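# A closer look at the structure
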Amino acid sequence: KQEVTQIPAALSVPEGENLVLNCSFTDSAIYNLQWFRQDPGKGLTSLLLIQSSQREQTSGRLNASLDKSSGRSTLYIAASQPGDSATYLCAVRRGEYGNKLVFGAGTILRVKS
Amino acid sequence: DAGITQSPRHKVTETGTPVTLRCHQTENHRYMYWYRQDPGHGLRLIHYSYGVKDTDKGEVSDGYSVSRSKTEDFLLTLESATSSQTSVYFCAISDPLARHSGANVLTFGAGSRLTVL
């Protein structure tokens, strides 16, 4: 059974700092991995999707990497801002069809101004 | 929320009553999902649909049923609500041919908060 773990569970950093969020999964046979952001009381917003054949994806100040063989992904946030404060979740998908994602519990990020 | 509407957004009900949550999409996406989100458990899949009248169970399907009679609507029903079903329920959609959101990218609704007393 696929299990997804996110470390740390919570993180508080000063504005401007670069930071890394970690996601690990137990079964390396994944189709893709997706990072989401969730603001309090809101739904999830997709940030980046990495296919199993890719090593990284970038969007603005965000960079996500994938090392399938070791079962790890990282989300790098450059020059953090208070507006980045949210919960960040990663999810791995097993197959092309059915889209059964397994989610991690998330990392709660607070960026202090 | 990218053409996904959940209703109701908030509901308080009593144990033993039936409850139906509705998810409506305007994206014409093939796949639709119902998740629940609870502290300490993250998001867990309840049921999903891969087409009209085609549904399958997720990891926490007991006590829930779903129906999809039209592409745009996916209903989640609690036949007899229990306190353990107090949660925030999220609908999501995806499609391998989606262009606006990206192929196979999961797009979520805003959530429905259900409290069972």
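Each remark here, short or long, concerns the structure printed above.
Conventions and cut-offs
One numbering rule holds for all chains: residues counted from 1, following each sequence as written. Both sets of labels track the order of writing: A upward for chains, 1 upward for ligands. Totals for whole chains, interfaces and linings use every residue, but because this is a predicted model, local features are given only for residues with pLDDT of at least 70 and side-chain atom pairs only at 80 or more, for both listing and counting. For the side-chain quantities, the full set of heavy atoms in the structure was used; hydrogens and water were omitted. We define a nonpolar core as any set of buried Ala, Val, Leu, Ile, Met, Phe, Trp, Tyr and Cys residues linked to one another through side-chain atoms lying within 4.5 Å. In this scheme, a residue with accessible area under 20% of its type's maximum is buried, one over 50% is exposed, and one in between is partly exposed, where area comes from a 1.4 Å probe on protein chains only. Counting from the N terminus, the helices are the DSSP runs of H or I reaching at least four residues and the strands are the DSSP runs of E reaching at least two. Whether two residues are in contact is decided by their heavy atoms: any pair within 4.5 Å suffices. Summed over both partners, the accessible area lost on bringing two parts together, with a 1.4 Å probe, is the buried area. Any carboxyl oxygen of Asp or Glu within 4 Å of a side-chain nitrogen of Lys or Arg constitutes a salt bridge here. Whenever two N or O atoms come within 3.5 Å, that pair is a polar contact, provided that in protein one can donate a hydrogen and the other can accept it, and provided that, for residues adjacent in sequence, both atoms are side-chain atoms. Residues are grouped as follows: nonpolar covers Ala, Val, Leu, Ile, Met, Phe, Trp, Tyr, Cys and Pro; charged covers Asp, Glu, Lys and Arg; every other residue, Gly included, is treated as polar.

Once that is clear, we can look at the nonpolar core. Residue and element names in this part refer to chain A. Core analysis: the biggest nonpolar cluster contains 23 residues, and Leu33, Trp35 and Leu75 have the highest contact counts within it. Put simply, the parts of the chain that give this core at least two residues each are β3 (19–25), β4 (32–38), β5 (44–51), β7 (62–67), β8 (72–77), β9 (86–93) and β11 (107–112). Excluding its chain neighbours within four sequence positions, the residues that come into contact with Leu75 are Leu19, Val20, Leu21, Trp35, Leu47, Leu48, Leu62, Asn63, Ala64 and Tyr88.

Right, let's talk about the environment of Arg93(A) for a bit. Here Arg93(A) shows up in strand β9. Between the C-alpha atoms of Arg93(A) and Glu3(A), which are 90 residues apart in sequence, the distance is 11 Å.

Here we come to the interface of chain B and chain A. Taken together, the 20 residues of chain B in the interface contact 21 residues of chain A. Buried area between chain B and chain A, summed over both chains or domains, comes out near 1600 Å², and the portion from carbon and sulfur atoms is 53%. Counting across the interface, chain B meets chain A through zero salt bridges. Remark: the boundary between chain B and chain A carries one residue pair in polar contact (both at pLDDT 80 or more). Of all the secondary-structure elements, those providing two or more residues to the side of chain B that touches chain A are β4 (31–38), β5 (42–51), β6 (54–57) and β9 (87–94) of chain B. A breakdown of the residues in the side of chain B that touches chain A according to their chemical character gives 12 nonpolar, five polar and three charged.

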